[in-house]
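# Observations on chain architecture
Below, each chain spelled out in residue letters.
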Amino acid sequence: MAAPKRSFSKRSSRLAGLGRRLAAGVGALGLMAAMPAAVQAQSQTKSSAQPPAKPQLEGAVQRAARSGQLVLSGFADVPPLMMVSPQGQPSGYGILVAERIAAELSQAVGRPVSVRFAPISDPASLVNSITSGKADLACGLPFSWAVDMQVDFSLPIGLSGVRLLAPTGRFDGSPAALAGRRIGVVRQSLGETELRGMQSKATPVAFDSLKAAVAAMQAGTVEGVIGDTIVLAGLVRQQGLPGLELSPALPYEAYAVSCVLAENDSAFRNVVNLAIARLLQGYLDGQPDTVTAVNRWLGPASALGLPESAIRASFEAVLLGVETIRPVLEGQAASTGR
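Residues numbered from 1 in each chain as written. Predicted model: local features only at pLDDT ≥ 70, side-chain atom pairs only at ≥ 80, totals over all residues. Heavy atoms only, no water.

### Structural notes on the overall build of the chain
Applied cut-off: Note on conventions: DSSP H or I runs of at least 4 residues are helices, E runs of at least 2 residues are strands, and numbering of each starts at the N terminus. Throughout this description, buried means an accessible area under 20% of the type-specific maximum (1.4 Å probe, protein chains only), exposed means over 50%, and partly exposed covers the range between. Any two residues whose heavy atoms approach within 4.5 Å are treated as being in contact. Under the convention used here, a 1.4 Å probe and the Shrake-Rupley method define accessible areas, while residue burial counts only the protein chains that appear.
Looking only at helices and strands, one finds 13 helices and 13 strands in the chain. By residue count, 50% of the 338 residues in the chain fall in the buried class. If you take every contact in the chain between residues at least 6 apart in sequence, the share linking residues at least 24 apart comes to 74%. Surface exposure of the chain reaches about 15,700 Å², of which carbon and sulfur atoms provide 54%.

Okay, here's the thing in structure tokens:
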């Protein structure tokens, strides 16, 4: 049965409570900004006067029509965004997003399109994989003006935030408490930038990854680690580390997380944004398959364990700037635009 139509008045009435729920949601919902750190750093080293990337002769829609594939770039071990099983099978929230985009592409090109995951080990090569046409898409990046000079950003797929991981009770979450303390960060990351900006008296200790920074904290080399909420929480769960907490309740910095694609490929960008909007809207409308799929990676029964209210708040915030997608009722023909 078709999901109920969401009226303008119903949508407007949600705004009053959205701010409060969104604040709580962002505190818990740190979606996947694991890849962007080195990507952003690499982009910032390039001159802003650099000529724009040349338009690709073949867009992603045309490639999908020819090959039947959508190529997704990214890391293979950043749960819940992307993981690869010992058998080589990719999964995660980023894969779910890519599969929904592939399904939208299938409708656009009139043939089945499947996702092919092309893992990378060097984050600095991520943007190049998109601009060179080796990959069509990468998901899990916060917006950056430097990166936006080379690729285009999609509609956000969720929200994220930077917080501090440390032994329980060691810090109160305030910037003042970081003065004179050795804090682990990923080299040239958003976490490092945030730490330097909010507490100049702290001592940033740079590592190549949050995993390495957390290991150093466990060894006593640093007193805490600042980075993306979800990646830190994922490492704690993955390694079974006791006695640690994330603070403050609200992130030092919150941001939207998106997918990136080649610049000036508007046909593909339209498909990507529509697929993302359908996914988020489907969750808000309570579509069973979509709710189950998203909750598998983010929801109450997942390893992350987010309440549905937090997920809904973030998705509602993302969709405030776009038209609500209304279902086509049974017996009602969809508009063809003709």
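### Overview of helix α9 (residues 210-219)
Using the following cut-off: It is the directions from the helix axis to the C-beta atoms that the arc portrays.
Listed in full, the buried residues belonging to α9 are L210, A213, V214, A216 and M217. Projected down its long axis, α9 shows its buried positions confined to an angular sector of 155°, all on one face. With its phi angle positive at about 90°, G220 sits one or two positions after the end of α9.

### Comments concerning the packing of helix α5 (residues 93-109) against helix α11 (residues 266-284)
Test applied: In this analysis, axes come from line fits to C-alpha atoms, helices being fitted only over the stretch in contact, and the angle between any two N-to-C directions falls in the range 0 to 180 degrees. For classification, angles of less than 35 degrees are called roughly parallel, those exceeding 145 degrees roughly antiparallel, those between 65 and 115 degrees roughly perpendicular, and all remaining angles oblique. Crossing handedness is defined as follows: a turn of the near helix away from the far one that is anticlockwise and smaller than a right angle gives a left-handed crossing, while the clockwise case is right-handed. Note that Gly is not counted as nonpolar here; it falls among the polar residues with everything else outside the nonpolar set of Ala, Val, Leu, Ile, Met, Phe, Trp, Tyr, Cys and Pro and the charged set of Asp, Glu, Lys and Arg.
The contact between α5 and α11 brings their axes to 9 Å, and the two run at 120°. Here α11 runs oblique to α5, going by the angle between their axes. Read as a crossing pair, α5 and α11 show a hand that is right-handed. Across the interface between the two elements, Y93, L96, V97, R100, I101, E104, L105 and A108 of α5 pack against F268, V271, V272, L274, A275, I276, R278, L279 and L280 of α11. Its residues placed into classes, the contact of α5 with α11 shows 14 nonpolar, no polar and three charged.

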